[in-house]
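If you want the building blocks of each chain, they are given just below.
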Amino acid sequence: MNTEFEPKIVGILCNWCSYTGADLAGISRIKYSANVRIVRVMCSGRVDPTFILKAFQEGADGVLVSGCHPGDCHYVDGNIKAMRRAPLITELLKQMGIEEERYKLVWVSASEGDKFARIVEEMVATLKKLGPFKPQGGVKKYA
Amino acid sequence: MPKLNLAVYWTAACGGCDVSILDIDEKILQVGELANIVLWPLAADGKYEDVEKMEDGAIDVCLFNGAIRLSEQEEMARLLRRKSKILIAYGSCACFGGIPGLANFFTKEEIVDRVYKDTPSTDNAEGMVPLATVQVPEGELSLPEFYNDVFTLPQVVEVDYYIPGCPPPVDLIVRAIDAIATNKLPPKGTVIAGQKALCHECGRVKEDKKVKEFKRPHEVEVDPEKCLLEQGIICCGPATRGGCGGRCTGVNMPCRGCFGPAAEVLDEGAKMVGAIASIIDSADPEEIKKINKMIVDPAGTFYRFGLPNSMLRRKRKEGKVS
């Protein structure tokens, strides 16, 4: 049996560009690791930092947030809002002992299926090197 | 109406909560009329043995302040839970972990080393550290166990009501006393405070929030009328439960979050990240990074009173980051 660590990635993708981009990767039969679990949201601006912490709390090894390229947002500037949050989220995660490689914000357009596949492959490789994420909290000591 | 049996107990906290109960001035007479104080180590008497001898449920109301970080505190929490009809988590430490909860940024070993070995004023050549048990000629001596994690009271025992605040303000204490006296207690699990965020009750003028620079309160002359966030001062009002009457914002100090997350907020740190990021006035990734760098110690600021209550609860031990 293959016992190599397989990271679980929660991929939160915007409906208009990145989800379509991931779809294109599938339609084009581009192979990429099955480690990413995709959640579709309307816009990367909708991704409340709570979602990211929740993913880690429930045992995700990495969180990938993807939106339209800056300037291409279906809602004009939702992805800019996501961009403003990213450095603070990274800093907060670092202070909580979560490596910055475990959270990634990327831009993938509807025509970039190959780019999406590449990003997933890269993230899987990074996370395999980092090892599994074991949340220390979340579980109460006492029932 | 027969007198109620009241207990007040103190665990990992500064003692300000005990003092805040005395802050209610002449209302304290009503408490005296209403209740027999069966245990209050700070202000009255009452021995642990006396509590142990009581029947289960003999205490009508127990105000429990402080977080749980020692085995002795856990024992007392369990004992008082068993003996009390109503157990109230009183103050930020009991409700969310409070300031002692910031210890969850470190491990037990780091704390012990810092306190007993590394501080510049420490002279401990033998490297003596407290141990849970030690053998002496007379026999074995023991100390309570010091846990690696700080826990909130509701993480240890079931809690009936919450009165947040560091310390809880007088009007909330009075509201709770009145509710107990008139037997009009809210549904179990109620947080006796506001429901909305502090911003809702803050009297400052709020206009367009666009910030290019974040500053700490001592670095700036604060405008007493204008929203503190609009002045570039990190204020935890957007994510923090109201009900305190804006004690800090009223005197030009930003909200530090002692009332814990507002109703429906799962994690105050995450909500603060969202709130702060949304007021950054830039669309340039490099400039955004630069502005973000001005926020000193975001996790310590946003979780100042609630790290053990947050979603991640503590810093990961094996995280390979500085």
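Residues numbered from 1 in each chain as written. Chains lettered and ligands numbered in written order. Predicted model: local features only at pLDDT ≥ 70, side-chain atom pairs only at ≥ 80, totals over all residues. Heavy atoms only, no water.

A. The arrangement of the overall build of chain A in detail. Helix and strand counts for chain A come out as four helices and four strands. Taken over the C-alpha trace, chain A has a radius of gyration of 15 Å; the compact-globule value for 143 residues is 15 Å, and the two agree within 12%. By principal-axis analysis of the C-alpha atoms, chain A measures approximately 45 × 40 × 25 Å. Pairs at least 24 residues apart make up 81% of the contacts formed inside chain A by residues separated by at least 6 positions. Surface summary for chain A: the accessible area is close to 6700 Å², and the carbon and sulfur share equals 53%. (Helix = DSSP H or I, 4+ residues; strand = E, 2+ residues; numbered from the N terminus. Rg over C-alpha atoms; globule rule 2.2 N^0.38 Å. Contact = heavy atoms within 4.5 Å. Areas by Shrake-Rupley, 256 points an atom, 1.4 Å probe, with all protein chains shown as cover.)

B. The pairing of strand 1 (residues 9-14) of chain A, seen in detail. All names here are of chain A. Buried residues dominate strand 1, accounting for five of its six residues. Two elements, strand 1 and strand 2 (residues 36-41), share six bridges in a ladder whose sense is parallel. When the sheet's bridge partners are listed, Val10 is paired in strand 2 with Arg37. Relative to strand 3 (residues 62-67), strand 1 is paired through five bridges, and the arrangement is parallel. The partner of Ile12 across the bridge, within strand 3, is Val65. (Buried < 20%, exposed > 50% of the residue type's maximum accessible area, 1.4 Å probe, protein only. Pairing = 2+ DSSP bridges.)

C. Geometry of unusual backbone geometry. A cis geometry characterises the amide bond from Cys166(B) onward to Pro167(B), with omega recorded as -5°. You can see Pro167(B) is positioned in the loop between strand 9 (161-163) and helix 8 (170-181). For Arg29(A), which is not glycine, the phi torsion reads 55° and is therefore positive. The exposure class assigned to Arg29(A) is exposed, which follows from its relative accessible area of 75%. With phi around 65°, Asn252(B) is a residue other than glycine that occupies positive phi space. Relative to the helices and strands, Asn252(B) resides in the loop between helix 9 (198-201) and helix 10 (268-278).

D. Focus on the sheet that holds strand 3 (residues 59-65) of chain B. All names here are of chain B. With parallel pairing, the five strands of this open sheet are ordered in space as 2-1-3-5-9. The open sheet has two free edges, formed respectively by strand 2 (35-39) and strand 9, since each of these has just one partner strand. Averaged over all adjacent pairs, the angle separating strand axes in this sheet is 25°, with direction ignored. Where strand 1 (residues 4-10) lies against strand 2, four bridges are found, and the strand directions are parallel. Across the sheet, residue Asn5 finds its bridge partner in strand 2, namely Asn36. Strands in contact with helix 2 (residues 27-34) are strand 1 and strand 2; relative to strand 2, the strand with the most contacts, it is inclined by about 85°. Its contacts with the sheet place helix 4 (residues 71-83) against strand 1, strand 2, strand 3 and strand 5 (84-90), and it is angled at close to 135° to strand 5. (Axes fitted to C-alpha atoms, helices over the stretch in contact; angles between N-to-C directions.)

E. Structural context of the interface of chain A and chain B. The partner chain B presents 46 residues to the 35 residues of chain A that form the contact. Interface area for chain A against chain B, summed over the two sides, is near 3600 Å², with a carbon-plus-sulfur share of 64%. The interface formed by chain A and chain B includes two salt bridges. The shortest N-O distance in the salt bridge between Glu99(A) and Arg316(B) comes to 3.1 Å. Linking chain A with chain B are ten residue pairs in polar contact (both at pLDDT 80 or more), by the criterion used here. Secondary structure elements with two or more residues in the side of chain A that touches chain B: helix 2 (49-57) and helix 3 (78-95) of chain A. Its residues placed into classes, the side of chain A that touches chain B shows 16 nonpolar, seven polar and twelve charged. (Buried area = accessible area lost by both parts, 1.4 Å probe. Salt bridge = Lys/Arg side-chain N within 4 Å of Asp/Glu carboxyl O. Polar contact = N/O pair within 3.5 Å; in protein donor to acceptor, adjacent residues only side chain to side chain. Nonpolar A, V, L, I, M, F, W, Y, C, P; charged D, E, K, R; others polar.)

F. Highlighting the pairing of strand 4 (residues 103-107) of chain A. Residues and elements named next belong to chain A. In this sheet, strand 4 lies alongside strand 3 in parallel orientation, the contact comprising five bridges. Bridge assignment links Val65 to a residue of strand 4, and that residue is Leu105. Crossover connection from strand 3 via helix 3 to parallel strand 4: handedness right-handed. (Right-handed = clockwise from strand over helix to strand, strands pointing away.)

G. The nonpolar core, seen in detail. If you look at the biggest cluster of nonpolar residues, it comprises 108 residues, and the most contacted ones within it are Ile52(A), Phe64(B), Leu80(B), Leu153(B), Phe214(B), Ile276(B) and Phe302(B). In terms of domain composition, this core takes at least three residues from each of domain 1 (4-100 + 149-182) and domain 3 (198-309) of chain B. Discounting residues that sit within four places of it in the chain, Leu80(B) has contacts with Tyr9(B), Leu39(B), Val51(B), Ile59(B), Cys62(B) and Phe64(B). Counting 14 residues, the second-largest nonpolar core is a separate cluster that includes Ile9(A), Ala22(A), Val108(A) and Phe116(A). (Core = buried A, V, L, I, M, F, W, Y, C linked by side-chain atoms within 4.5 Å. Domains from an automatic or database assignment.)

H. Structural view of the UniProt feature "domain: F420-non-reducing hydrogenase iron-sulfur subunit D" (unreviewed entry) in chain A. The feature "domain: F420-non-reducing hydrogenase iron-sulfur subunit D" (unreviewed entry), as given by UniProt, occupies residues 9-131 of chain A in the numbering adopted here. Between the C-alpha atoms that bound residues 9-131 of chain A there is a distance of 13 Å. The span itself is 45% helix and 19% strand. (UniProt positions renumbered as here; feature names shortened; annotations may be inferred.)

I. Seen up close, the UniProt feature "domain: NADH:ubiquinone oxidoreductase-like 20kDa subunit" (unreviewed entry) in chain B. Look at the UniProt record and you will see "domain: NADH:ubiquinone oxidoreductase-like 20kDa subunit" (unreviewed entry) annotated at residues 14-179 of chain B. End C-alpha atoms of residues 14-179 of chain B are separated by 27 Å, and the span's content is 39% helix alongside 23% strand.

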